[in-house]
Amino acid sequence: MLEVRELRRAFGGFQAVAGVTLRVSRGQVAAIIGPNGAGKTTFFNLITGHLRPDAGVVFLDGRDITGLPPHEVCRRGMGRSFQRTNIFPNLTVFQNVQAALISHRRRGLDLFSRVDGLYRDETEALLVSLGLVDRAGETSRFLSHGAQKQLELGIALASQPRLLLLDEPTAGMSASETRETIMLISRIARDRALTLLFTEHDMEVVFSIAEKITVLHQGRVIADGTPHEVRNDADVRRVYLGERR
Amino acid sequence: MSVLRRIPWALVVVAAALLVPLAGSRFYTFVATEGAILALFAVSLNLLLGYTGLVSFGHAAYFGIGAYTTGLLMKQAGVPFVLAFPAAGVLAAVGALVFGFFCVRLTTIYFAMLTLAFAQIVWAICFKWNAVTGGEQGTPDIPYPDLGWMARLPIAGDLGTSDHFYLLTVVLVAGCLWVLRRIVGSPFGRILTTIRENPERAEFIGVNVRRWQLLAFVIAGAFAGLAGGLFGIFSSGVFPDFAYWPKSSEVLIMTILGGIGYFYGPAVGAVVLLVLNQQVTSHTEYWPLILGTILIVLLFAFPGGIVGALDAAVRRARFRRA
Amino acid sequence: MPDASFLFAQVLSGLTAAMFLFLIAAGLSLIFGVLGVLNFAHGSFYMLGAYLAFQFVQWFGHDPASFWWAVVAAAAGIAVLGGFVERFLLRHLYGKDALYQLLFTYALVLVLSDAAKLLWGTQQLSVSRPAALAGSFSLFGAVFPYYSLFIVLLGPAIALAFWLVLTRTQAGRLIRAGALDREMLGALGVNVSGLYTGVFVLGSFLAGLSGALTTPVRAIVPGMDVEIIVEAFIVVVIGGLGSFWGTFLGALIYGQVLSFGILMFPRFSIFSVFALMAVVLILRPWGLLGRPTAT
């Protein structure tokens, strides 16, 4: 589904991503981990089109998407949730998801239909699957942090992605919220046959659902394999000794 | 309380507006005409400001382009109003397309500065191109459109030309506002709000943010141009300061005074500011001082504008009653 | 073909204009760089600096040194005004949209320009050159007033002093750090609000100083606030908003453009000024020496 080859990006003199090669198969749940500053967020920004790579290629489902702007990448089937909750704060929960559907169905140039009830059924269905349908009329900035993250997931899903990128999906959550979120994400990934690629600091989360883990350190891949292989990899242990569990 | 909701307020206002000439005062008609035109101007700016989140300091450029288009076509080329009026919108839209293309590539402060620079260029062209625009003196004596047909209408038939023009203005402005209302309440309008709320997220639901910003810019410019076209006739002349930056800042203040979060907010702001201006300037020459103070009070105490403050007051009253 | 001494005179007059512009633009750029606020009222501070200098000269009498005292007092007065505005008014708008801050500074322009009219009327006022610098000298056939020479020398001197403060002192380091990353600074425990007030005061001081120094050379009239702020905008856009040497360079370039532009294209001068600004914003919005990421 996703194939990345020799991706590079430097900022000034600093090589943030220094030749990363990575493959994620269709339907897989893959994780990228690494200490702070390893280049995870930069890597994400490179494949989503927020940043231009200096070198390397990115293929999504066989098509070259290197260097395409974010809105094009999204249209080609990639969805993303952001590290800091990125929703439309003054729109209601319903409107947040509806907007994504409008864009996905290419209805954004319709200047005359009334938007209020547009795609009501699909939007509500999505909200039901997220457990947010009771809050549909609430202004989204008043939601709890956890609910906002769920909403963000909903916005990403509305574009019917085939690959979903999740940037620290459980950041800032309590243990119970984390469990709920992880269950939700796995269920949705299964139901919609999504390919998932996420980054996380919470190792419990990573090892519980990831089928494949890639470890980044200083912009390079130092390990790539099943959770078992990565857990026992000597380089990984060295890098993580002294880091958070 | 829900009875208030069901009354179609917009229609009520339009009906009331149509009755103004019957009051028999030229002054009222005069103020009402200007108020209607400026209301359209302000609401067009709000498409950019309140709905898309773009701060333009040069909206008067399109107002000026529209005014000169209609004025010059009617006076110099004898083109009838029915063509000269839409032409104002079209030419202003073209100007907005050209200028907007460059402006949307920039972020907030730079965007604002470039809109200002372009507006000043338009002003400078109007100011210097003596042969076409009449230069510094402008082009006076823009004729009224041919309103003879109105003499055959019941009730309204007996009114004077300026009253007839006023009625035409109300109808045209109401029509334009209706169109803008539909646009804002459409899927296109919804996408604009996503851009205002979070351009980064909007990109990642597949929205080409620049393209939508440019479209909003062009539509806003077109309606500003239509307002300008009417204004030129109303002022019986077109002058360079229709595009001068104080006009841009005036319309910006009107929009915020009324409330950028509400569709009709800017229209309210336009009328209020106009009336205030009339009252204050008849008593003192220090209008900028008063305006500046009002603006400061607004920014600190009433960021939601007049309509925002009213809305909040109504909500508090309802809350207490419940 | 105009003769060499005429050209030389134009260059010198361009340099003088550039130095006045540099002083005011430096303050504008500094405030934008650190606070992120584009201060429309900067031109008003310049104008009030001029009016205050006039007033102090009236009060201090005809003692030869009174001009200098008046200049310092005027600049200090404007610095105080700036501090007051930032501390009690602008500060409350930081959390809000940039639009509110912009509009606030614009509202200040309205209020201050009428305040000046109320206090000093609308006639042209002027201040005579200080005795020590009256008169002129001749260089390569061009006549050049001593006062202009003083300004042309003072500009770079202040620029150098400024640059030394920015790079060699703790305060300067804080200012530069603030321009780069405000949040980080706050997280490090620096008194960010004090820094902001300080920067605003400094910027206002420069604007007031520029206005005061201008008085022997230009008439003090209403409308000088708007005229100068537009020019200051153009200078910082050319040089790069937030870049110190960019502002200096921008002022130099613009001074010459002013000087020669009016000669070569008198019909198009107002047009060309804004066209220049538009061209820079389109092709290279971060100016000559600014940071590309800022846009």
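Note that the structure is a prediction, hence the values are computed from the model and not measured.

Below, the discussion takes up unusual backbone geometry. Residue and element names in this part refer to chain A. At Gln160, a position not held by glycine, the phi torsion is positive, near 50 degrees. Within the secondary structure, Gln160 sits in the loop between α5 (145-158) and β7 (163-167). A count of 14 C-beta atoms within 10 Å places Gln160 in the partly exposed class.

This brings us to the interface of chain B and chain C. Tallying the contact residues gives 30 residues for chain B and 30 residues for chain C. Taken together, the elements giving at least two residues each to the side of chain B that touches chain C come down to α6 (108-128), α12 (245-258) and α14 (287-301) of chain B. Per-element tally for the side of chain B that touches chain C: the top contributor is α6 of chain B, with 13 residues. Taken together, the residues that form the side of chain B that touches chain C break down as 23 nonpolar, six polar and one charged.

Our focus in this paragraph is the sheet that holds strand β1 (residues 2-11) of chain A. Residues and elements named next belong to chain A. Pairing is antiparallel in the open sheet, where four strands are placed in the order β2-β1-β4-β5. Unpaired on one side and paired on the other, β2 (14-24) and β5 (63-64) mark the two borders of the sheet. Bridge analysis of β1 against β2 gives eight bridges, and the strand direction is antiparallel. What sits directly across from Val4, in β2, is Leu22. The strands touched by helix α1 (residues 40-48) within the sheet are β1, β2 and β4 (55-60), with β2 carrying the most contacts at an inclination of about 65 degrees.

As a further point, take the confidence of the model for chain B. All names here are of chain B. Within chain B, residue pLDDT values average 89, and 97% of them lie at 70 or more. Here helix α1 (residues 2-6) stands out as the least confident element of chain B, with mean pLDDT 60; helix α11 (residues 209-234) is the most confident, with 95. Interface confidence for the predicted complex, expressed as ipTM, amounts to 0.86; the pTM equals 0.89.

This part is about the interface of chain A and chain B. Accessible area lost when the parts come together is the quantity often used to give the size of an interface. Every contact between the two is made by 29 residues of chain A and, on the other side, 21 residues of chain B. Those elements giving two or more residues to the side of chain A that touches chain B turn out to be α2 (70-75) and α3 (93-104) of chain A. Per element, the largest residue contribution to the side of chain A that touches chain B is six residues, and it comes from α3 of chain A.

Further remarks concern the sheet that holds β7 of chain A. All names here are of chain A. If you trace the six strands from one edge of the open sheet to the other, you get β6-β7-β8-β3-β9-β10, paired in mixed fashion. Of all the strands in the sheet, the pair left with one neighbour each is β6 (78-81) and β10 (220-225). When strand polarity is set aside, the average angle formed by the axes of neighbouring strands in this sheet is 15 degrees. Across the sheet, α1 is in contact with β3 (29-33), β6, β7, β8 (195-199) and β9 (212-217); its angle to β7 comes to roughly 150 degrees.

Here is what the cut-offs are and how they apply
- Residues numbered from 1 in each chain as written.
- Chains lettered and ligands numbered in written order.
- Predicted model: local features only at pLDDT ≥ 70, side-chain atom pairs only at ≥ 80, totals over all residues.
- Helix = DSSP H or I, 4+ residues; strand = E, 2+ residues; numbered from the N terminus.
- Buried ≥ 20, exposed ≤ 12 C-beta atoms within 10 Å, placed from the backbone.
- Contact = placed C-beta atoms within 7 Å.
- Nonpolar A, V, L, I, M, F, W, Y, C, P; charged D, E, K, R; others polar.
- Pairing = 2+ DSSP bridges.
- Axes fitted to C-alpha atoms, helices over the stretch in contact; angles between N-to-C directions.
- pLDDT = per-residue confidence, 0-100.

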